[in-house]
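Okay, here's what each chain looks like letter by letter:
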Amino acid sequence: MSLEAINEQLLRAIGVGIALLSEPDHDVLFANEKFSAWFGAPTSGARLRDIFPDLDNTEIRAALDDGRHFSAEVKVKPKRRTLVIAVDISRAHTDDGSILVVECQNITRMHELEAMIDSYAAMVERNTREIEREKERVERLLLNIMPKQVYEEYRTFGVVAPQLFPEVSVVMLDLVGFTEEVAKGETTAIIGELNEIFTAFDRIAEQFGCERIKTIGDAYLAVAGMPEPNPDHARSVANCAVRFVRYLERRSEGAGRKWRCRVGIATGPVVGSVVGVQKYVYDIFGPAVNLAARMQEAAEPMTVVADEYMRRDLAEDFTLTDLGPRDIRGLGEMRLIGVSTALGRERTRL
């Protein structure tokens, strides 16, 4: 077998479509079986533009004259399936002159894989965005039930170690007659108003450096001086307590339902920790919490009551009233003071 016959046999056997064209007319001199299967067997006198009518001959000549290959992609449908074929045209020099070599490769599968990768990448990007949004929602939820510093500890270590805060101040508020209002059957309206009230309380607490710890039904508990120290924690809770009462007074002026509250404030040690495993919540325990709850029980509607220990911290900024000794449940007899709900710096009355 001659060398030419061997070369022709190889060209017919390879999986690449090959065609040889004359120069300068671009007549098809040879096309292997793969090329013919894709583009049809060239007829006598067939030229490049007959096979690839969508290719620009001017661009092809410009690339070849510049010593470059011309590359393009074309679509063909030899059977039922549309194929994407990469076409590469180059010039080869022979003893008799030059010819054009047209190499064609089926890149349909490559395009399909690229499309799959793009689709997968888009899906991953969507899922990543969704995960980020869910992460933000979870973070907002956790920040609603625990202080930011505690949340950072939980996010970093997965647990929150109980911590003793030796000197903080606590404000405890309870709405008067809430249970009776709910019993009247206007549950939806009552809960809507309660949400508005507690939202306003949250803004007030944030304004004065207090951290709302929790709400229990119609009870509202906030603290100042933890987890970050605050030397003015007593004045912070007193300011919150006074403004809680003032807010309800203003709200009652234009609202149909007249909400009233009892407020107690106290200073002392507490322990802060996350309790629970699945339905966990950040909570505080200790003498200051218990004392604030007892002060709230001792308060008359729309008044703020504190224990004698807070007198020295509040005397300069608030009008205080001596309420005398009271028998406090679980704590015995204690001397109590009332904190005026009038705003501004006033003379102390004792």
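On a predicted model such as this, the values are computed, not experimentally measured, just so you know. Numbering of residues starts from 1 in each chain and follows the order in which that chain's sequence is written. At least 70 in pLDDT is required for a residue's local features to be given in this predicted model, at least 80 for side-chain atom pairs to be given and counted, and no such filter applies to totals for whole chains, interfaces and linings, which use all residues. Computation of side-chain values covers all heavy atoms of the structure but excludes hydrogens and water.

A.B. asks: Help me understand the overall build of the protein chain, please; the structure alone is not making it clear to me.
C.D. replies: Under the DSSP-based scheme used, a helix requires at least four consecutive residues in state H or I and a strand at least two consecutive residues in state E, with every element numbered from the N terminus. Along the protein chain, the regular secondary structure elements total eleven helices and 13 strands. Under the scheme applied here, a residue whose accessible area is under 20% of the maximum for its type counts as buried, over 50% as exposed, and between as partly exposed, the area being computed with a 1.4 Å probe on protein chains only. Within the protein chain, the proportion of its 350 residues that are buried is 41%. By definition in these notes, contact holds between two residues if any of their heavy atoms fall within 4.5 Å. For the protein chain, restricting intrachain contacts to residue pairs at least 6 apart in sequence, the fraction spanning at least 24 positions comes to 59%. Values of accessible area rely on a 1.4 Å probe in the Shrake-Rupley scheme; residue burial ignores everything except the protein chains shown. As displayed, the protein chain has an accessible area near 20100 Å², and 51% of this comes from carbon and sulfur atoms. Taking the average place of the 44 positive charges on the side chains of the protein chain and the average place of its 55 negative ones, the gap between the two points comes to 7 Å. We treat Lys and Arg as the positive residues and Asp and Glu as the negative residues; His and chain ends play no part in the count. A charged residue contributes its charge at one atom only: NZ of Lys, CZ of Arg, CG of Asp or CD of Glu.

A.B. asks: I'm lost on the sheet that holds strand β3 (residues 70-76) in this one. Help?
C.D. replies: Two orientations exist for strands paired in a sheet by backbone hydrogen bonds: parallel and antiparallel. Taken together, five strands build an open sheet; the order of strands is β2-β1-β5-β4-β3 and the sheet is antiparallel. The open sheet has two free edges, formed respectively by β2 (28-31) and β3, since each of these has just one partner strand. Going across the sheet, the axis of each strand differs from the next one's by a mean of 25 degrees, ignoring polarity. A strand pair is defined by DSSP finding two or more bridges across the two strands. As paired elements, strand β1 (residues 17-22) and β2 share three bridges and run antiparallel to each other. Paired with L20 across the strands is F30, a residue of β2. Lines fitted to C-alpha atoms define the axes here, with helix axes fitted over just the stretch in contact, and angles between the N-to-C directions of these axes take values from 0 to 180 degrees. Across the sheet, helix α4 (residues 57-65) lies against β3, β4 (83-94) and β5 (97-106), angled at about 45 degrees from β4, the strand it touches most.

A.B. asks: Sorry if this is basic, but what is going on with the pattern of salt bridges here?
C.D. replies: Oppositely charged side chains can pair when the atoms bearing their charge come close. Every case where a carboxyl oxygen of Asp or Glu lies within 4 Å of a side-chain nitrogen of Lys or Arg is listed as a salt bridge. Enumeration over the complete set of coordinates arrives at 22 salt bridges. Here R212 and D202 are joined by a salt bridge, their closest N and O atoms 3.0 Å apart. On the criterion of sequence distance, the pair formed by R212 in strand β7 (residues 211-216) and D202 in helix α8 (residues 187-207) is long-range, its members being ten residues apart. Note on R212: relative accessible area 26%, which makes it partly exposed. With a closest N to O distance of 3.9 Å, E297 and R294 form a salt bridge. Taken together, the residues E297 and R294, both in helix α10 (residues 287-298) and three residues apart, mark about one turn of the helix. The class of E297 is partly exposed, set by a relative accessible area of 42%. Exposure remark for R294: the relative accessible area of 18% places this residue in the buried category. Linked by salt bridges that have partners in common, E130, R133, E134 and R137 make up one network.

A.B. asks: I keep staring at the confidence of the model for the protein chain and nothing clicks. Help me out?
C.D. replies: Should pLDDT be low for a region, the predicted coordinates there are not to be read in detail. For every residue, the pLDDT score states the predictor's confidence, bounded by 0 at the bottom and 100 at the top. Residues with a pLDDT of 70 or more make up 91% of the protein chain, whose mean pLDDT is 85. Every residue in residues 345-350 is under pLDDT 50, and counting partners more than four places away or in other chains gives 17 contacts.

A.B. asks: What exactly am I supposed to notice about the pairing of β4 here?
C.D. replies: Every other side chain in a regular strand lies on the same face of the sheet, so the side chains alternate between the two faces. Examined bridge by bridge, β3 and β4 share seven bridges and lie antiparallel to one another. Its bridge partner lying in β4, V76 is registered against L83. Count of turn residues in the β3/β4 antiparallel hairpin: six residues. As paired elements, β4 and β5 share ten bridges and run antiparallel to each other. Within β5, the position partnered with V87 by the bridge is C104.

A.B. asks: Help me understand the pairing of β5 in this model?
C.D. replies: Where β1 meets β5, six bridges bridge the pair, whose relative direction is antiparallel. Opposite A19, over in β5, you have V102 as the bridge partner. Joining the antiparallel neighbours β4 and β5 is a turn of two residues.

A.B. asks: Got a minute to help me understand the packing of aromatic side chains in this structure?
C.D. replies: Both the distance between ring centres and the angle between the ring planes are used here to describe each pair of aromatic rings. Pairing of aromatic side chains here covers Phe, Tyr and the six-membered ring of Trp, requires ring centres within 6.5 Å, and sorts the geometry by plane angle: under 30 degrees stacked, over 60 edge-to-face, intermediate tilted. Evaluation of the coordinates by the stated rule reveals ten aromatic pairs. When the ring of F201 is compared with that of F244, the centres are 4.3 Å apart and the planes differ by 35 degrees; the resulting orientation is tilted. One end of the pair, F201, is in helix α8; the other, F244, is in helix α9 (residues 233-254), and 43 residues separate them in sequence. Arranged with centres 5.5 Å apart and planes meeting at 80 degrees, the rings of Y220 and F244 form a pair that is edge-to-face. Of this pair, Y220 sits in strand β8 (residues 219-224) while F244 sits in helix α9; the two residues are 24 residues apart in sequence, bridging distant segments of the chain. By the burial criterion, Y220 is buried, and F244 matches it. Taken together, F198, F201, Y220, F244 and Y247 form an aromatic cluster joined through their ring pairs. The criterion is that NZ of a Lys, or CZ of an Arg, lies within 6 Å of the ring centre and within 35 degrees of the ring normal, and then a charge sits over that ring. Over the aromatic face of Y309 sits the side chain of R312, whose NZ or CZ is 4.9 Å from the ring centroid.

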